[in-house]
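# Analysis of the macromolecular model
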Amino acid sequence: MSDSNKTDTDTQSTDRRTMNYGKEKVAVYRTYANPLEGVRTIPESSFDGRDNILFGLEVRVQFEGEEFLPSFSEADNSKVVATDSMKNFVLHQAGEYEGATAEGFLHFVGKEFLDTYSHVEAVKMSATEYPFDERPVPGEDGFEPSDVVFRVSDDESAFGEIYLERNDDLIEFKEQTSGVTGIKLIKVKDNSFTGYVQDEYTTLPEREDRALYISLDIFWTYDEPENALGEEPQQYVPAEQVRDIAQVVFHEVDANSIQDLIYQIGLRVLERYPELETVSFEANNRTWIEVRDDLEGDARVFREPPRPTGYQQFSMDRSDLEEQ
Ligand SMILES: O=c1[nH]c(=O)c2[nH]c(=O)[nH]c2[nH]1
């Protein structure tokens, strides 16, 4: 998530101060995790589950608690769990987790942390998936996905974040965000950008038809945070399906801006998943610059856009759907 998107709990602020510490960029790989099965299917996606033969995450851990104050103010480390130990803890728990989702793993490890270290008041765990692609190999009935060889991919990644807080003897699941980051899509025609402010600063020509290249991160929250864990697969929203909704809506809609496009994607996501409370976007405009439009038909030649780049941030909830 970009800095501008950070939530209050990213930097735990008591009334007086910010105080937290942790480990980030903990890379963990697990083979033969439990498969994700039984998810709902939607018209925009062929995704109906994940084998989890290879499951990789980059994890971030954040501890909060008043008992860490002496480590900052008095050089007293007696309550400090070394961040190196946090890393070892995460790696160990990857072998214990019996679920099938990133969010479920984060919740499992977060709860283990709070159970193990009674002076930790709250823990925030987040992770970005390392994507791997199944590779097609010749089988008896043509090509089929290898169950042992995977390609390291730079495709979009699932994202998860959970926040657990200790309240007396209870561990409360206070907040959750799921997402898919790093979607990059180009639509070669049937996009426009017209009708914007024209004044002495305007040099951009209006375009009735442009090629549009966007990068997109999509985040969502559930009405009931527990639904993010995937223990009830019918209530779980797979990142792969949200990615597929984005590309299908892009294909279908003749959008007059990125703002218009992400709103249409958000409506479709909220429509498909009644469990979701909010959906939010961070979009970036990477649209190429047209250098030749004198070719036959729709053919064009483009070059990379120069800096700076435009962006859009937008969040929606069910009231946007009701207004339609
Ligand atoms: O989809 C767009 N939205 C904008 O706000 C904008 N501004 C701009 O220069 N190009 C674009 N494209």
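What you are looking at is a predicted structure, and each value in this text was computed from that prediction instead of being measured.

## Focus on the overall build of the chain
Across its full length, the chain holds six helices and 12 strands. Overall, the chain is about 70 × 65 × 40 Å in size when its C-alpha atoms are taken along their principal axes. Counting across all 324 residues of the chain, residues that qualify as buried make up 42%. For the chain, the share of sequence-separated contacts (at least 6 apart) that also reach a separation of at least 24 residues comes to 68%. Approximately 17600 Å² of the chain is accessible, and the part contributed by carbon and sulfur atoms is 45%. Here the chain contributes 31 positive and 69 negative side-chain charges, whose respective centroids are spaced 5 Å apart.

## Brief notes about a nonpolar patch on the surface
Where nonpolar side chains cluster on the molecular surface, the patch consists of Tyr 32, Val 148 and Val 149 and spans about 320 Å² of accessible area. Within the secondary structure, Val 149 is located in strand S5 (residues 142–152). You can call Val 149 partly exposed: its relative accessible area is 46%.

## Brief notes about the layout of surface pockets
Taken as a whole, the largest pocket spans an internal volume of roughly 740 Å³. If you go around the largest pocket, you meet 35 residues; those closest to its centre are Phe 47, Arg 50, Glu 129, Phe 132 and Glu 240. Those elements giving two or more residues to the lining of the largest pocket turn out to be strand S2 (54–64), helix H3 (102–116), strand S3 (122–130), strand S4 (132–139), strand S6 (157–167), strand S7 (170–187) and helix H4 (239–252). A per-class count over the lining of the largest pocket returns 17 nonpolar, eight polar and 10 charged. Viewed by domain, the lining of the largest pocket spans two of them, domain 1 (3–179) and domain 2 (181–322), each represented by three or more residues. Taken as a whole, the second largest pocket holds about 620 Å³ of empty space. Looking at the lining of the second largest pocket, the elements with two or more residues in it are helix H5 (258–272) and strand S10 (289–292). The class makeup of the residues in the lining of the second largest pocket is 11 nonpolar, seven polar and five charged.

## Structural notes on the packing of aromatic side chains
As enumerated under the stated definition, the model contains 16 aromatic pairs in all. An angle of 80 degrees between the planes, with centres 6.1 Å apart, marks the rings of Tyr 21 and Phe 63 as edge-to-face. A residue pair is termed long-range when its members are at least 10 positions apart, and Tyr 21 in strand S1 (residues 21–31) and Phe 63 in strand S2 qualify at 42 residues. Take Tyr 21: its relative accessible area is 15%, and that puts it in the buried class. A ring pair is formed by Trp 288 and Phe 302, whose centres lie 5.8 Å apart and whose planes are at 45 degrees; its orientation type is tilted. Of this pair, Trp 288 sits in the loop between strand S9 (276–285) and S10 while Phe 302 sits in strand S11 (residues 301–303), placing them 14 residues apart in sequence. The exposure class assigned to Trp 288 is partly exposed, which follows from its relative accessible area of 28%. Members of the aromatic cluster, joined through ring pairs, are Tyr 21, Phe 63, Phe 68, Phe 89, Phe 113 and Tyr 117.

## Digging into the site of the ligand
Around the ligand sit Phe 193, Leu 204, Arg 210, Ser 257, Ile 258, Gln 259, Asn 285 and Gln 312, and those are all the residues in its vicinity. Between the ligand and Arg 210, the relevant distance is 2.8 Å, taken from an oxygen atom to a side-chain nitrogen or oxygen of the residue. The side chain of Gln 259 places a nitrogen or oxygen atom 2.9 Å from a nitrogen atom of the ligand. The cavity that encloses the ligand is the second largest pocket.

## Considering the domain arrangement of the chain
In terms of domains, the chain is made up of domain 1 (3–179) and domain 2 (181–322). If you average the C-alpha positions of domain 1 and of domain 2, the two centres end up 27 Å apart. If you look at the interface, domain 1 gives 30 residues, while domain 2 gives 32 residues. In total, domain 1 and domain 2 occlude about 2800 Å² of area from one another, counting both sides; carbon and sulfur atoms represent 52% of this. Of all residues in domain 1, Arg 40, Glu 44 and Glu 156 give up the largest surface area on contact with domain 2, accounting jointly for 27% of the area buried on that side.

What counts and what doesn't
Along each chain, residue indices are assigned from 1 in the same order as the chain's sequence is written. In keeping with the predicted nature of the model, local features appear solely for residues at pLDDT of at least 70, side-chain atom pairs appear and are counted solely at 80 or more, and the whole-chain, interface and lining totals rest on all residues. The side-chain values count all of the structure's non-hydrogen atoms but skip hydrogen atoms and water molecules. Put simply, DSSP H or I for four residues or longer makes a helix, DSSP E for two residues or longer makes a strand, and each gets a number counted from the N terminus. Three exposure classes are used, based on accessible area relative to the maximum for each residue type with a 1.4 Å probe and protein chains only: buried under 20%, partly exposed in between, and exposed over 50%. In what follows, a contact means two residues having at least one pair of non-hydrogen atoms within 4.5 Å. Per-residue accessibility takes into account occlusion by the displayed protein chains alone, with areas from the Shrake-Rupley method and a 1.4 Å probe. Charge assignment: positive for Lys and Arg, negative for Asp and Glu; neither His nor the chain ends contribute. Lysine's charge is taken at NZ, arginine's at CZ, aspartate's at CG and glutamate's at CD. For patch detection, residues must exceed 30% relative accessible area and be free of salt bridges, and they are connected within 9 Å for like charges or within 5 Å for nonpolar side chains (Val, Leu, Ile, Met, Phe, Trp, Tyr). Salt bridge, as used here: a side-chain nitrogen of Lys or Arg that lies within 4 Å of a carboxyl oxygen of Asp or Glu. Lining residues are those with an atom within 4 Å of a point, where the points come from a 1 Å grid over the protein atoms alone and group into cavities, where a 1.4 Å probe fits but cannot get out, or pockets, open sets with protein on both sides within 12 Å along at least five of seven lines. Grid points are joined across faces, edges and corners, and a volume is the space filled by probe spheres set on the points. Charged residues are taken to be Asp, Glu, Lys and Arg, nonpolar residues to be Ala, Val, Leu, Ile, Met, Phe, Trp, Tyr, Cys and Pro, and polar residues to be all remaining types, Gly included. Those domain boundaries reflect an automatic or database domain assignment. Only centres within 6.5 Å qualify two rings of Phe, Tyr or Trp (six-membered ring in Trp) as a pair; their planes then separate them into stacked at under 30 degrees, edge-to-face at over 60, and tilted for everything else. By convention in these notes, a residue is near a molecule or strand provided one of its non-hydrogen atoms lies within 4 Å of it. Identification of polar contacts relies on pairs of N or O atoms within 3.5 Å, with a donor-acceptor requirement for protein atoms, meaning one able to donate a hydrogen and the other able to accept it, and with residues adjacent in sequence counted only if both atoms are side-chain atoms. More than half of a molecule's atoms within 2 Å of the grid points is what it takes for that molecule to sit in a cavity or pocket. A simple way to read buried area is as the amount of 1.4 Å-probe accessible surface that goes missing from two parts once joined, with both sides added.

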